[in-house]
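# Descriptive analysis of the structure
Letter by letter, the chains look like this.
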Amino acid sequence: MRMRRLRSSDGLREMVAETRLSVDDLIYPLFIVEGTNIKREIPSLPQVFHFSVDRLEAEIRELEDLGIRAVLLFGVPDHKDACGSTAYDENGIIQRAIRQIQKTSKQILVITDVCMCEYTDHGHCGILNEAGEVLNDETVEYLARIAVSHAQAGADIIAPSDMMDYRVAGIRVALDEAGFVQIPIMAYSAKYASSYYGPFREAAGSAPSFGNRKTYQMDFRNANEAMREIALDIEEGADFIMVKPALAYLDVIRRAKDTFNMPLVAYNVSGEYAMILNAVKNGILAEEVIEETLLSIKRAGADLIISYHAKDWAQKRRDAR
């Protein structure tokens, strides 16, 4: 046996490749802002933009042309308050964006991030008490209200990212009672309190004004706990499970894939994206590292990958044909 035989040409290497990445595997995040005629590059996320609702049509048609089948929406509202009221406003930024995208394309699935951090004046993911602690059960009631408002606007998939206990169950009950039995929940099941979120927090204006999120997001030292979190979300009715971030948690992705027979999503987060892209732009790494990175996440066991690389990767794949 000579292992190098099957590596001796491009054709042979392609024939025996164990892991393949398809544009169908990718979900592209979009940041929606108030205003009109806005397409503004985000400084901490090169090649990623803020869009006003009226500029979404062109972007959605471009994504559709590239074969990207799903987007994940994040809202950046002008108004914020203690209970994140614009998050569940029927004319809120995300609700209007959903309607615009659904009017533009029937091919692209609209996934909506359900959380409160972008909408609260304190930047935490829930309702606070007088001591500044995030209240779990009270927050779940608001999250359920947000989820229903997204479904009413036409969302295809609801993705709660808050990490409150029992929020999947609360959202499932609320959706069912509102007549949205068919809408799946993509749960951020193992979301870690990570320093890799820095660029996102700038893009979404969602950094907490005090403290941190370690009382509700997971401790990055723990992997067994992630399996318990995922099991609970499945029991509560999650249709997809997610691990976030991806690159520093490939072991968790692999364990989740081996343990649970569920559609598994990995979020290749903003810090991972910015780190790699900056290394490429500065000539430290070759551009091929982007595909290597995405394939590593797929190889670890992810069925779907949320990534800011998705659009550029799809464009380069199409150009190469």
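To keep things clear, this report deals only with the structure shown in the data block. Remember, it's a predicted structure, so these values are computed and weren't measured experimentally.

## Overview of helix 10 (residues 289-300)
Helix length check: helix 10 (12 residues) gives 16 Å between terminal C-alpha atoms against 16 Å at 1.5 Å per residue, within 8%. Looking at the buried side of helix 10, the elements it contacts are helix 8 (250-259), strand 11 (264-268), helix 9 (270-281), strand 12 (304-307) and helix 11 (310-319). Looking one or two residues beyond helix 10, the residue adopting positive phi is glycine 301, at roughly 135°.

## Let's talk about the environment of glycine 237
You can see glycine 237 is positioned in the loop between helix 7 (224-236) and strand 10 (240-244). In sequence terms glycine 237 and leucine 30 are 207 residues apart; their C-alpha atoms lie 26 Å from each other. Every residue in contact with glycine 237, bar those within four places of it in the chain, is listed here: Val168 and Arg172.

## Things to note about the nonpolar core
Most often, soluble globular proteins have nonpolar side chains that are buried together. By size, the foremost hydrophobic cluster in this structure holds 110 residues, and its most contacted members are Leu30 and Phe31. Among the elements that take part in this core, helix 4 (residues 136-153) stands out by supplying 8 residues, more than any other. Residues in contact with leucine 30, not counting those within four places in the same chain, are Phe51, Leu56, Glu59, Ile60, Leu63, Val71, Leu72, Leu73 and Phe74.

## Description of the side chain of histidine 124
Tracing the backbone through its elements, the reader meets histidine 124 in the loop between strand 5 (109-114) and strand 6 (127-128). In this structure the side chain of histidine 124 is engaged in a polar contact, spanning 2.9 Å, whose partner is the backbone oxygen of phenylalanine 210. Residue contacts for histidine 124: discarding those within four places in its chain leaves Met116, Cys117, Val134, Pro208, Phe210, Asn212, Arg213 and Tyr216.

Criteria and cut-off values
- Residues numbered from 1 in each chain as written.
- Predicted model: local features only at pLDDT ≥ 70, side-chain atom pairs only at ≥ 80, totals over all residues.
- Heavy atoms only, no water.
- Helix = DSSP H or I, 4+ residues; strand = E, 2+ residues; numbered from the N terminus.
- Expected span 1.5 Å × (residues − 1).
- Contact = heavy atoms within 4.5 Å.
- Core = buried A, V, L, I, M, F, W, Y, C linked by side-chain atoms within 4.5 Å.
- Buried < 20%, exposed > 50% of the residue type's maximum accessible area, 1.4 Å probe, protein only.
- Polar contact = N/O pair within 3.5 Å; in protein donor to acceptor, adjacent residues only side chain to side chain.

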